[in-house]
Amino acid sequence: MSNEETKRDGFSSKWGFILACIGSAVGMGNIWRFPIMVQKYGGMTFLIPYFIFVILIGASGVIEEFALGRRAGAGPVGAFGMCTEERTGNRRSGELIGAIPIIGALMLAIGYTVVLGWIFKYTFLSISGGLFGMGTDMGVIGGAFDATAPGAESLGEALGMMASSGFFGIGNGVWQIIGLVVSLIIMALGVAGGIEKANKVMMPVLFFLFLGLGIYIFTLSGSSEGYKYIFTLNPAGLANPEVWVFAFGQAFFSLSVAGNGSVIYGSYLSKNEDIPNSARNVAVFDTMAALLAAFVIIPAMAVVLGAGINDVSGGPGLMFIYLVNVFNAMPGGRIIGFVFFICVLFAGVSSIVNLYEAPVAFLQEKLKFNRIAAVATIGVIGMIVSIAIQPWTSQWMDLVSIWICPLGAMLAGIMFFWVLKEKTALSAVNEGIKKPIGGWFYPLGKFIYVPLALLALILGVYYGGIG
């Protein structure tokens, strides 16, 4: 066992780990959902409960998943097995349960592969001028996205559509492969040599470019109306349960607590690193990225759409239809579109690398694949399935985000706070820090965070998705 541990890859620096975790957390939800939630539910009226839940989840679930992975030196299968072995002497039961978040990570990564293909295509179009050439004709813009992302009502219909067209006759298969190959190359280079180095470049550039976009849009006439949306506070709105539900959902999914990605990244962390401090940094920078996106997107829409901003909905339509129209109508729109989609590209690649890492690590840990073979195997599965399900991507992502992700988070929380002995759990958190974590941590995680993860599942089913 010790021989295996010495060969195990890992992050080479504290900030390499933090930037990789920020990259995993900064995803499409920060860009195509968060700004619309802020606009829809009244700016600070939404942000206040959102900040509360970010603090709560960052101080419990994020710490727990990092510590669980580091203690086990493994992903969810090995980590859950460690927990049940300590409590019952039976490692196998925990390993079987740990397969659930692995499956969830792979399924979410497959859906994300489709989205990443859209992003790569639109980034290319923003560079070539094809995106700007669509002008502000919503029929042309919408038609271009419909061709890129065809829709089907059922999985059977989707598979039939793809098969009858030769799998590359409709949709965006070629760009999906390009995006996936880029991501797999980063992963094949290893944790320190690929994932860490890539995020050390992508994350600072993403923040810098988003900040530059925000400053430029601030100078445009009409942007002030957008800031009014952001800074609005309606105390009566805080009494609306939906505001709290969707603020909770946004925070929960944005911080990527699902029992997979954060666990596996934690397993690559040095025993000397301060996990609570790292979790705090991840929560802070993920929130900053979401706020930057809001300060770019909401004022930009206000500049072009005015009161029409109230008719805009979130999701892919915001990013690939409405914002294309908005950017094309603005001064310097071609450059703005290019910079924006570069930011989105970095967010997408960093997120998908994290999602695929959990199943890749599983093949390495349990089936003894070498790194390149594991990456190639998971990559082929991701490529085949993602191309086949393209017209059913929305439903696929709903299935995973509503059911499997909250379940994975809840299971990881149960394993750490309820199955693993309290002394062991606290030791896992306190390793590498100068002052032991406060007495608030364990009861917060056990009695608040774990029930909240269950609530995320229940509310997701009830509302048809909350994050």
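Structural data are supplied above this passage.
Residues numbered from 1 in each chain as written. Predicted model: local features only at pLDDT ≥ 70, side-chain atom pairs only at ≥ 80, totals over all residues. Heavy atoms only, no water.

1. A look at a nonpolar patch on the surface
- On the surface, Phe167, Phe168, Val174, Ile178 and Val182 cluster together to form a nonpolar patch covering roughly 410 Å² of accessible area.
- Relative to the helices and strands, Val182 resides in helix H9 (residues 173-188). (Patch = residues over 30% accessible without salt bridge, like charges linked within 9 Å, V, L, I, M, F, W, Y side chains within 5 Å. Areas by Shrake-Rupley, 256 points an atom, 1.4 Å probe, with all protein chains shown as cover. Salt bridge = Lys/Arg side-chain N within 4 Å of Asp/Glu carboxyl O. Helix = DSSP H or I, 4+ residues; strand = E, 2+ residues; numbered from the N terminus.)

2. Description of the side chain of Gln390
- Here Gln390 shows up in the loop between helix H17 (371-388) and helix H18 (393-419).
- Engagement of the side chain of Gln390 in a polar contact is seen with the backbone oxygen of Ile387, the distance being 3.2 Å.
- When sequence neighbours within four positions are dropped, the list of residues in contact with Gln390 reads Val114, Thr148, Pro150, Met162, Phe167, Ile170, Gly171, Asn172, Gly173 and Gln176. (Polar contact = N/O pair within 3.5 Å; in protein donor to acceptor, adjacent residues only side chain to side chain. Contact = heavy atoms within 4.5 Å.)

3. Side note on empty space enclosed by the protein
- Tallied over the entire structure, the rule returns two cavities of 30 Å³ or more.
- The computed volume of the largest cavity comes to approximately 60 Å³.
- In terms of lining, the largest cavity is formed by Ser126, Leu131, Phe132, Val324, Phe327, Asn328, Gly333, Arg334, Gly337, Phe338 and Phe341.
- At five residues, helix H16 (residues 333-366) tops the list of elements feeding residues into the lining of the largest cavity.
- Its residues assigned to classes, the lining of the largest cavity shows six nonpolar, four polar and one charged.
- Those elements that place two or more of their residues in the lining of the second largest cavity are helix H2 (14-25) and helix H4 (44-72).
- Examining the composition of the lining of the second largest cavity, we find that three residues originate from one element, H2, more than from any other. (1 Å grid on protein atoms, 1.4 Å probe; cavity = no way out; pocket = protein on both sides within 12 Å on 5 of 7 lines; lining within 4 Å. Points joined across faces, edges and corners; volume = space filled by probe spheres on them. Nonpolar A, V, L, I, M, F, W, Y, C, P; charged D, E, K, R; others polar.)

4. What about the nonpolar core?
- The biggest cluster of nonpolar side chains holds 168 residues, and the ones touching the most others in it are Met28, Ile57, Phe210, Tyr265, Met319, Phe340 and Phe416.
- Top element by residues in this core is H16. It accounts for 19 residues.
- Beyond its immediate sequence surroundings of up to four residues, Tyr265 is in contact with Phe11, Phe17, Ala20, Cys21, Ser24, Ile195, Val353, Asn354 and Glu357. (Core = buried A, V, L, I, M, F, W, Y, C linked by side-chain atoms within 4.5 Å. Buried < 20%, exposed > 50% of the residue type's maximum accessible area, 1.4 Å probe, protein only.)

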